[in-house]
Every structure is written in C-alpha cells, then in structure tokens.
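Fold and contact review
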Amino acid sequence: MVAETLTIAVDFDGTIVEDEYPKIGKPNIFAFETLKKLQNKGHRLILWTYRYGRELDEAVAFCKENGITFYAVNKSFPEEQFDPKYSRKINADLFIDDRNLGGMMGWGEIYQKLVGGDATQFQRPKKKKSWFGF
Ligand SMILES: [Mg+2]
C-alpha cells in the first residue's frame, strides 16, 4: 500500500481493456475499480497509449463513461505541448502496461499493492449456470 502521491501512466489496449485495437475491447476485470480507487487516493493517472486522433478520443470517452477522467493524455502534465520532433518520454512514477517484461500483473494484484485490500469486493455475483447452457 502506497501513501505518497504517485503519477501513474496507464496503457489502454491490453491493459485497461482487452486488446481489440482499433476497436475497444471489454474492460479487464477490476481495471476501472482500481483506477477509480487510485484517483480517490490522490494519485495522478496519465493515459499513455499509441492511440491518437479519433481512436484516442474514443478511448478517452470510453474511460470517462466508466468513471475515469485522466490527469493528462499522452503527456506528462496537462499543459505540456506535444512536439512530434522529439520522441515522447513521460514523467511517471509507475507504468501499468501489458508490454511489461514478464507480462502484466493482474488488476487484482495491482489493487492489493497500490491500494491495499481486496478487489474481489467489486466482483459481481456470478450468474447461475443454466442447465440448458451447453
Ligand atoms: Mg497495450
């Protein structure tokens, strides 16, 4: 569990949602719950994605519909000017990205590490299996 305020860069495709790029995949389990909790704790969330233009707008809108408005999108802070002459480098304390070496930690585990407690409290009750479902 982390007490200080962190800037956390979060990837979109394959991280917040299942990778269906350029479409928007289903949210990964506990992703939005964890992100909301991190924001409530005062951490700054930056959306850090290779999406741009309309595909980026769609991702940002999707996150907003799910309760997450980012501190900044594809930049280190809201006022930063994007200059395509330079390769992008971001100032963040943490990156949450499915391209991490060794793969991505599940959001349940991320929740435990950064928020503390158990994300399974957000689990929706499972639907009863139908006898006719096979
Ligand atoms: Mg990704």
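Preceding block: the structure.
For the structure given in this document, a descriptive report is provided here. All values reported here derive from a predicted model rather than from experimental measurement.

**Quick word on the sheet that holds strand β2 (residues 44-47)**
Reading across from one edge, β3-β2-β1-β4 is the order of the 4 strands in this open sheet, with parallel pairing throughout. Unpaired on one side and paired on the other, β3 (72-73) and β4 (94-96) mark the two borders of the sheet.

**With respect to the nonpolar core**
One recurring pattern in soluble globular proteins: nonpolar side chains tend to sit buried together. Among the nonpolar cores identified, the biggest contains 25 residues, and Ile8, Val10, Leu45, Ile46, Leu47 and Phe70 are the most heavily contacted of them. Looking at this core, the element that brings in the most residues is helix α1 (residues 31-40), giving 4 residues. What Ile46 contacts, discounting residues up to four positions off in sequence, is Thr7, Ile8, Ala9, Val10, Phe70, Tyr71, Ala72, Ile90 and Ala92.

**Regarding the pairing of strand β1 (residues 7-10)**
The pairing of β1 with β2 spans 4 bridges and is parallel. Across the sheet, the residue bridging to Ile8 is Leu45, located in β2. A crossover connection joins β1 to the parallel β2 through α1; in handedness this β-α-β unit is right-handed. Note: β1 against β4, 3 bridges, orientation parallel. What sits directly across from Ile8, in β4, is Leu94.

**Regarding the pairing of β2**
Bridge count between β2 and β3: 2 bridges; the pairing is parallel. Directly across from Leu47, in β3, lies its bridge partner Val73. In terms of handedness, the path from β2 via helix α2 (residues 53-65) over to β3 forms a crossover that is right-handed.

**Things to note about α2**
The end-to-end C-alpha distance of α2, which contains 13 residues, comes to 18 Å, matching closely the 18 Å that a straight helix rising 1.5 Å per residue would cover. Backbone geometry just downstream of α2 places Gly67 in the positive-phi region, at approximately 95°.

**Things to note about the packing of α1 against helix α3 (residues 107-114)**
Put simply, α1 and α3 touch, their axes get as near as 9 Å, and they point 20° apart. Put simply, α1 runs roughly parallel to α3. Of the two possible hands of crossing, α1 and α3 adopt the one that is left-handed. Here α1 contributes Ala31, Thr34, Lys37 and Leu38 to the contact with α3, which in turn contributes Trp107, Ile110, Tyr111 and Leu114.

Reading the values: the criteria
Residues numbered from 1 in each chain as written. Predicted model: local features only at pLDDT ≥ 70, side-chain atom pairs only at ≥ 80, totals over all residues. Pairing = 2+ DSSP bridges. Helix = DSSP H or I, 4+ residues; strand = E, 2+ residues; numbered from the N terminus. Core = buried A, V, L, I, M, F, W, Y, C linked by C-beta atoms within 7 Å. Buried ≥ 20, exposed ≤ 12 C-beta atoms within 10 Å, placed from the backbone. Contact = placed C-beta atoms within 7 Å. Right-handed = clockwise from strand over helix to strand, strands pointing away. Expected span 1.5 Å × (residues − 1). Axes fitted to C-alpha atoms, helices over the stretch in contact; angles between N-to-C directions. Parallel < 35°, antiparallel > 145°, perpendicular 65-115°, else oblique. Left-handed = near helix turned anticlockwise from the far one by under 90°.

Don't take any of this as a statement about function, it's just geometry.
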